[in-house]
Amino acid sequence: MDGESTLDAPASDAPVSGGAIGKGRVGIIDVGSNSIRLVVYERASRAPLPVFNEKVLCGLARGLDATGRLNPDGVEMALANIDRFTTLAHNMKVTSLDLLATAAVRDAADGEDFMRELERRPGIKAHIVSGKDEARFSGFGVICGMPDASGVMGDLGGGSLELVALGQGRLGASSTLPVGPLRLMSSGKSDPKKTVLDAIESVRWLREETGKTFYAVGGAWRSFARLHMEQAGYPLHIIHHYEVAAEEVRAVARLIAVQSAKSLEKMPGVSRRRVDTLPLACLALDRLLAALKPRTVVFSAFGLREGFYYSRLSEAERARHPLIAFAEEQGADWRRFDLAPSEIFDWLSPVFAGESEDDRVLRTAACHLSDISWNDHPDYRAEQAYIRVLHLPAPGMSHRERAILAMTLAYRYKSDPKSAMLDTALRLSDGRGRSFARRLGASLRLAYNLSGGAPGLLPQIQLRRTDRELRLIVPATAKGSLGDVTARRLESAAEAFELKPVIVRA
């Protein structure tokens with residue numbers, strides 16, 4: 001053990017000083033009120049990629065309000081699993097392992113005793129995270145996964161609810177409330193609804209944040225999102241950036257809040273481990289949405305752990321877009337050619353002039369991922385690329401944008417993928433997005449045909465767009481050697497732009 005400390009998130013958005021981030025794999029043991037989780041990331045970066053993620057429900061906060069102490073059985077289970085997690089992390093060759101203890105440990109009379117027990121365990125940097133810091137780290141986590149987040153984040157754990165205002169990539173006012181479901185269950189208070197309502201009403205700054213998006217973080221609310229996906233027949237079971245109208249969320253939350261554990265067990269999509277706490281989590285969600293009156297609720301898979309590392313990144317690293325960072329880092333492993341993604345991007349820029357910033361980000365990511373299925377069977381490259389991209393563990397894109405990027409890669413490998421194959425993406429996107437995906441995919445297909453994956457060839461040929469034509473401008477010496485395949489690829493791209501294909505001698 002490298003020593004216990006109380007961790008302080010910065011009052012500003014400057015990176016946290018102290019404690020260098022390891023260059024290799026990094027791990028976090030998150031000691032919450034209900035669960036203990038080990039997550040190991042490939043590296044601490046703008047787009048943290050988990051290579052291991054395991055959770056154990058210990059219920060440390062069960063009975064905390066009544067006794068003022070940690071649940072003894074939970075402590076025993078927690079220490080045993082922390083020992084196991086430490087061994088696993090060591091065997092995975094992590095360069096740093098941080099333990100973050102939150103509401104249960106910081107509020108319990110024997111919390112310090114628990115931390116002293118950890119002092120006997122080597123290789124861990126253990127921290128008690130204050131309520132204010134927990135809110136800030138969770139807020140940083142949402143920004144890490146959704147750089148354009150603007151509204152209010154709520155992170156519901158077993159023992160507490162953290163709230164923080166978000167906007168323009170920065171954190172605003174924050175609060176922590178002792179209304180976690182596990183704490184409410186064991187508090188002995190007869191009216192948890194009034195307890196939650198009084199706590200929320202006490203946060204005065206929330207009144208200035210009404211009408212904005214609400215970002216839901218925490219295991220209980222992720223369970224709610226899974227249940228909602230199941231009930232709604234939603235085609236993509238990825239929690240991160242799952243977006244639902246607030247009134248619809250409130251209607252379902254109110255229904256769940258009055259269900260018995262026996263009734264919840266029969267509902268598809270409900271984890272049996274959550275049947276006791278889910279009704280109270282839904283009560284808190286309903287009351288919070290009633291106060292905030294947002295139009296939309298967005299669920300985030302990023303929270304405290306990702307925010308902890310994000311707060312320690314350099315300004316330059318934090319300024320990177322998470323989707324582009326992910327595509328750069330992972331795309332390099334899929335690339336077989338020396339052709340740089342930046343060369344493809346620059347070559348395509350003239351025909352995508354006037355694109356939005358969101359489209360530019362998607363085009364950049366597509367260029368980095370454009371060789372993602374080269375080693376699949378030719379008959380299945382389009383399908384494999386589509387499935388792989390649709391399900392990437394990548395932050396920084398909405399489900400609509402995820403669908404557009406997946407379709408782009410399908411068109412990059414095949415000019416006419418079957419609509420049945422693209423069913424999920426078609427349901428999640430709109431006409432404009434589908435058109436963009438087809439145009440970009442067909443253009444990438446043409447780029448690889450012309451370059452053969454070799455650098456330096458694309459700059460010798462120009463792709464230009466007029467009101468009526470998509471022009472391929474080639475040197476006079478090369479025009480006769482382009483071949484039928486190039487003509488077909490140009491024709492396919494021009495059709496996507498609804499233009500006439502023309503090959504012009506330079």
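Remember, it's a predicted structure, so these values are computed and weren't measured experimentally. (Residues numbered from 1 in each chain as written. Predicted model: local features only at pLDDT ≥ 70, side-chain atom pairs only at ≥ 80, totals over all residues. Heavy atoms only, no water.)

Colleague: How should I be thinking about the overall build of the chain in this particular structure?
Modeller: A count of helices and strands for the chain gives 21 helices and 15 strands. Over its C-alpha trace the chain gives a radius of gyration of 25 Å, about what one expects of a compact globule, namely 23 Å for 506 residues. Across its three principal axes, the chain shows a C-alpha extent of roughly 85 × 50 × 40 Å. The contacts of the chain with a sequence gap of at least 6 include a subset with a gap of at least 24, amounting to 73%. Each charge class in the chain can be summarised by its mean position, and for the 67 positive and 62 negative side chains these summaries are 4 Å apart. (Helix = DSSP H or I, 4+ residues; strand = E, 2+ residues; numbered from the N terminus. Rg over C-alpha atoms; globule rule 2.2 N^0.38 Å. Contact = heavy atoms within 4.5 Å. Lys, Arg positive; Asp, Glu negative; His and termini not counted. Charge placed at Lys NZ, Arg CZ, Asp CG, Glu CD.)

Colleague: Sorry if this is basic, but what is going on with the pattern of salt bridges here?
Modeller: Side-chain pairing between opposite charges can occur once the charged atoms of the two side chains come close. Taken as a whole and judged by the stated rule, the model has 30 salt bridges. Residue Glu329 pairs with Arg43 through a salt bridge whose shortest N-O separation is 3.4 Å. With Glu329 in helix α14 (residues 322–334) and Arg43 in the loop between β3 (35–41) and β4 (50–57), this residue pair connects regions lying 286 residues apart in the sequence. Given the relative accessible area of 18%, Glu329 is considered buried. With relative accessibility at 32%, the residue Arg43 sits in the partly exposed group. Taking the shortest distance from any N to any O, the salt bridge between Arg360 and Glu357 comes out at 2.7 Å. Taken together, the residues Arg360 and Glu357, both in helix α16 (residues 357–369) and three residues apart, mark about one turn of the helix. On the basis of relative accessible area, Glu357 is assigned to the partly exposed category, the value being 49%. Within the structure, one salt-bridge network assembled from shared partners comprises Arg43, Glu317, Arg320, Glu328 and Glu329. (Salt bridge = Lys/Arg side-chain N within 4 Å of Asp/Glu carboxyl O. Buried < 20%, exposed > 50% of the residue type's maximum accessible area, 1.4 Å probe, protein only.)

Colleague: Looking at this structure, I do not really get the sheet that holds strand β11 (residues 242–245). What am I missing?
Modeller: Backbone-to-backbone hydrogen bonds join strands into a sheet, with any given pair of strands oriented parallel or antiparallel. Strand order across the open sheet formed by six strands is β9-β8-β7-β10-β12-β11, with mixed pairing between neighbours. Of all the strands in the sheet, the pair left with one neighbour each is β9 (170–177) and β11. Between one strand axis and the next, the sheet turns through 20° on average, direction left out of account. Pairing of strand β7 (residues 151–156) with strand β8 (residues 161–167) involves six bridges; the strand directions are antiparallel. Its bridge partner being in β8, Asp155 is matched across the sheet by Glu162. Across the sheet, helix α5 (residues 131–145) touches β7, β8, β9 and β10 (213–217), and the angle it forms with β9 is around 135°. Helix α9 (residues 246–257) rests against β11 and β12 (296–299) of the sheet, and its axis sits at about 85° to β11. (Pairing = 2+ DSSP bridges. Axes fitted to C-alpha atoms, helices over the stretch in contact; angles between N-to-C directions.)

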